[in-house]
Every structure is written in structure tokens, then in C-alpha cells.
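Each chain, letter by letter, is given below.
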Amino acid sequence: MALFYQDFKLGVIGGGQLGRMLIQEAINYNLHVAVLDPDENAPCKHLAHSFTCGSLTDYDTVLAFGRQCQLVTIEIENVNTEALQQLVAAGITVYPQPEIIALIKNKVEQKTFYQQHDIPTAAFTVTANKEEVKQAARPLPFVNKLATAGYDGRGVQIIRTPKDLDKAFDAPGLVEELVDFSKEISVIVARNKFGEIRAFPTVELEFHPEHNLVEYLHTPAIIDPEIDNKAKLIAIDIVKKLDFIGLLAIEMFVTKDGRVLVNEIAPRTHNSGHHTIESCTTSQFNQHLRAILGLPLGNTALKTPATMVNLLGEEGYTGPARYEGLEEVLALKGVYVHLYGKAITKPYRKMGHITITGKRKKKLLAKAKFVKETLKVKA
Ligand code: ADP
């Protein structure tokens, strides 16, 4: 099969931790991985077969990078999709498809897609500027989101009082009903060009109360089997309706009255799938490669329940990273540490993650808490 010839080059746009974990899997398929990232010290730098330092949003840079590859994929959606479209026109395979990445990059287009395709999501109104947010006449409190450039909660705010309206985003975006959810869950689903689809077990996301980053992630999610089924069907429905090829992460709200609403989707490997490396038969990274290479998708069965903890840079420390508590944590059974090779730590920077596996829920949670309190990244 042509894919496995030595000269087959997979181009990955973005060289962060997602690319790094993808390379770990690509090695098993003899793939030559070329990486593009603007950071000279990106986590993929020393693992990629070739590394290009350059902007992900610059048309010429992305085009020139992609031209030397047979297949191009992404590990971040903030990329120049016009260049990706041009690569497709030049005969290079790009998965996920550039027009789908472009749609997902824009929250207004994403939400409009849900509305047009009967995918359940929170009620919303599109707004062009601050004035339109004020005019939208949505009952307080509501959520105000930027169409683009939002990431890890930075383009999202809750408008609670009439006074808050003054801080509304003065750029294209939307206002959305504040969902009274009981849980946030995620389903990662893969689809290949033959239309084969597989979903990973549903995970439950526990966010840090202030920083809007996932603090703990639990799988399997403790939810009603009916809700679980609904979430999986929605995820599968979305990849089919998008005609999507690759790996798609679907973040959803479970409302207190038993509805499942799509919050947002990501066209790539995802933070809510890191645990699959140890806890599922096939990891999300392996599955992504299978999906984009047109290979049979792997079994997604859960081997063991797991909890994942993001290892964030400790507050108050910026500089060369130092890891405290590694020995204590590694002495425990079922604890798997993944460091991302970032030389410099900053408050709340994602420096790594730890997956904790175990069959007994109480013990698993206690271990996760211990890991969180013990392993620290300082400078
Ligand atoms: P980002 O793209 O920055 O991750 P999200 O749209 O996922 O932004 O929002 C970040 C978080 O804000 C969500 O995980 C959720 O906790 C909260 N959130 C977003 N939209 C709503 C909503 N409509 N109702 C309630 N909470 C929301």
C-alpha cells in the first residue's frame, strides 16, 4: 500500500502536544511526519522528521508547507483554510476537509449549521457588535461569544446584569441562552472516507471554577444510559451531516431536564480524549491516523475506567519548568504521566496531563486528587 512507502509524508499543521502525541502513534505506521509551528521550541520540534517554523495563519507559509506532503492534517483549527483549499485544488489530500475546518472555526457558522440541520443546541441570536448584543433583548443572564479567536474560554462571557452589557464583545459573535446544565460531556467520534464511523465512550468534563480549563475528566461518564445514547447519536449525526473525515470532538451540555445540547465541536484530537491512550483499545491519536489514512477504524471499547488531570503551570511561576512530586506520583499503580516538552512554564499553561486508571471509582478519584495536589510545575 502506497501509504507505507518511506517517502509518504504526513504534514501536521501545528506542533503542540496534540501533534506530539500523534507522532508517537505515526511511528508505528512508518509515517514521515512534517510539522509546521510558529514556535521554534514547539513540543513537536525534536520528534518530527522535519520541522518548519512558520505562521499557521499565513497563506503562503501553509501552502508551501503543504505542497511537500501527500496528506495534510491539523492539530489546531486556527489555520489558514484558504491555503488548505488551494492544496486540495493542487491534488493534495487534506483531512479534515478545509471547508469544514473553516465552518467550525467560526462559532456563528457552527451554530447556524446546527440550527439548519436539526442538531440540538442552545437558542441564540447572531450579533455584529456591542450595540446588537444590547438590542438582542435576551433575558438576563445570557452568554456572549465571539465568532472567532475564542479559545479556552477567552471569547466567552456571561452577561448577568444590565451593567455587564457595557463589556459585551464589540465584534461579530452571538448571544446565547445560559444553559442550566447538570453536566458537561464530550463524545469523540471518527469517520473515514468509506463512511465507517466509531464513537469513543462518553466522558464527563469537570471544569476549574475560574479558569475555564478542564480540571478533571472522567470516563465512563456517570449519566443515564438514555442520555448517553442520545449524546452518541447526536455525535454520529453531526459527522454524517458534515460528511466529515477525521476525528471530531463534540462537547455537549446535559440539562437538568434531561436534554442534550451541543455546545461546540473541534475538528481534531482533543483534550477530552487523552485518557484513551491508556483506557481504550485504540487511542484517539491512532484513530485519527486511521481515519485520515483511509484505514479500518479501531475498536473504541473501554479497557478500564479512567480520570485525566491536566498538568497546568502553577500560579506565580514563569520560567524554565521544574517538576515537583514526580516520584510520589509515579510510585502509584495506574498513574501515567505525559509531559509535553515545553521548556517554559507560565501560570495555567498546559504542561502535561496525567491519566489515572482503576476499576473502583472512589479510589480512582482519591488518586486523581492526590496527583493534582502533589505534582506541580514551577520555575
Ligand atoms: P471555548 O471555545 O473558549 O472553549 P466554550 O463555548 O466551550 O468556549 O465555552 C467555555 C465554557 O463556558 C463551557 O465549557 C461552559 O462551561 C461555559 N458555557 C459556554 N456556553 C454556555 C452556555 N450557553 N450556557 C452555560 N454555560 C456555557
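Above this note sits the structure.
The structure displayed is predicted, hence computed values, not measured ones.

Each value, and the rule that gives it
- Here the residue index of a chain counts from 1 through its sequence in written order.
- Local features in a predicted model are, by the rule used here, given only for residues with pLDDT of at least 70; side-chain atom pairs are given and counted only at 80 or more, and totals for whole chains, interfaces and linings are based on all residues.
- Note: side-chain values were computed over all heavy atoms of the structure, leaving out hydrogens and water.
- Categorising residues by exposure relies on relative accessible area from a 1.4 Å probe, with only protein chains included: less than 20% of the type maximum marks a residue as buried, more than 50% marks it as exposed, and the intermediate range marks it as partly exposed.
- Numbering of helices and strands starts at the N terminus; helices are DSSP runs of H or I of at least 4 residues and strands are runs of E of at least 2.
- Of all possible arcs, the one meant is that of the directions from the helix axis to the C-beta atoms.
- Residue contacts are counted whenever heavy atoms from the two residues lie within 4.5 Å of one another.
- Following DSSP output, two strands are said to pair if at least two bridges run between them.
- Whenever a helix is involved, its axis is fitted only over the stretch in contact; in every case the axis is a line through C-alpha atoms, and angles between N-to-C directions fall within 0 to 180 degrees.
- Space inside and on the surface of the protein is sampled on a 1 Å grid over the protein atoms alone, with a cavity defined as a set of points where a 1.4 Å probe fits but cannot get out and a pocket as an open set with protein on both sides within 12 Å along at least 5 of 7 lines; lining residues have an atom within 4 Å of a point.
- Grid points are joined across faces, edges and corners, and a volume is the space filled by probe spheres set on the points.

Colleague: So what's going on with helix H2 (residues 59-67)? Which residues, and what values?
Modeller: Of all the residues in H2, the buried ones are Val-62, Leu-63, Phe-65 and Gly-66. Buried residues of H2 fall within an arc of 165° about the axis and therefore sit on the same side. The secondary structure elements touched by the buried residues of H2 are strand E1 (9-13), strand E2 (32-37), strand E3 (50-53), strand E4 (71-74) and helix H3 (81-89).

Colleague: Explain the sheet that holds strand E9 (residues 173-177) to me, using residue names and the numbers behind them.
Modeller: Strand order across the open sheet formed by four strands is E6-E9-E7-E8, with antiparallel pairing between neighbours. This sheet does not close on itself; its edge strands, each paired only once, are strand E6 (124-127) and strand E8 (156-159). If you compare each strand with its neighbour and ignore which way they point, the axes differ by 25° on average. As judged from the four bridges shared by strand E7 (residues 142-146) and E8, these two strands associate in the antiparallel manner. Across the sheet, Asn-144 pairs through a bridge with Gln-157, a residue of E8. Each of E6, E7, E8 and E9 touches helix H5 (residues 107-116); the most contacted strand, E9, lies at about 50° to it.

Colleague: Please give an account of the sheet that holds strand E5 (residues 93-94) that cites residues and values.
Modeller: Judged by pairing direction, the sheet is parallel, and its five strands sit side by side in the order E3-E2-E1-E4-E5 without closing on themselves. The sheet is open, and its two edges are formed by E3 and E5, each paired on a single side. Both E1 and E2 contribute to a ladder of five bridges, which runs parallel. Bridging across to E2, Val-12 finds its partner in Val-35.

Colleague: Break down the layout of surface pockets for me, with residues and values.
Modeller: Picture a little ball the size of a water molecule; that probe, rolled over the atoms, points out where space is still empty. Reported here for the second largest pocket is a volume of approximately 300 Å³. Taken together, 17 residues form the lining of the second largest pocket, with Leu-312, Gly-313, Glu-314, Lys-372 and Lys-376 sitting closest to its centre. Looking at the lining of the second largest pocket, the elements with two or more residues in it are strand E13 (214-219), strand E16 (306-312) and helix H11 (361-374). It is E16 that provides the largest number of residues to the lining of the second largest pocket, a total of four residues.

Colleague: Before we move on, could you go through the environment of Ala-48 and cite the residues and values that matter?
Modeller: Summarising the element assignment, Ala-48 is placed in the loop between E2 and E3. Expressed as a C-alpha distance, the spacing of Ala-48 and His-218, which sit 170 residues apart in the sequence, is 31 Å.

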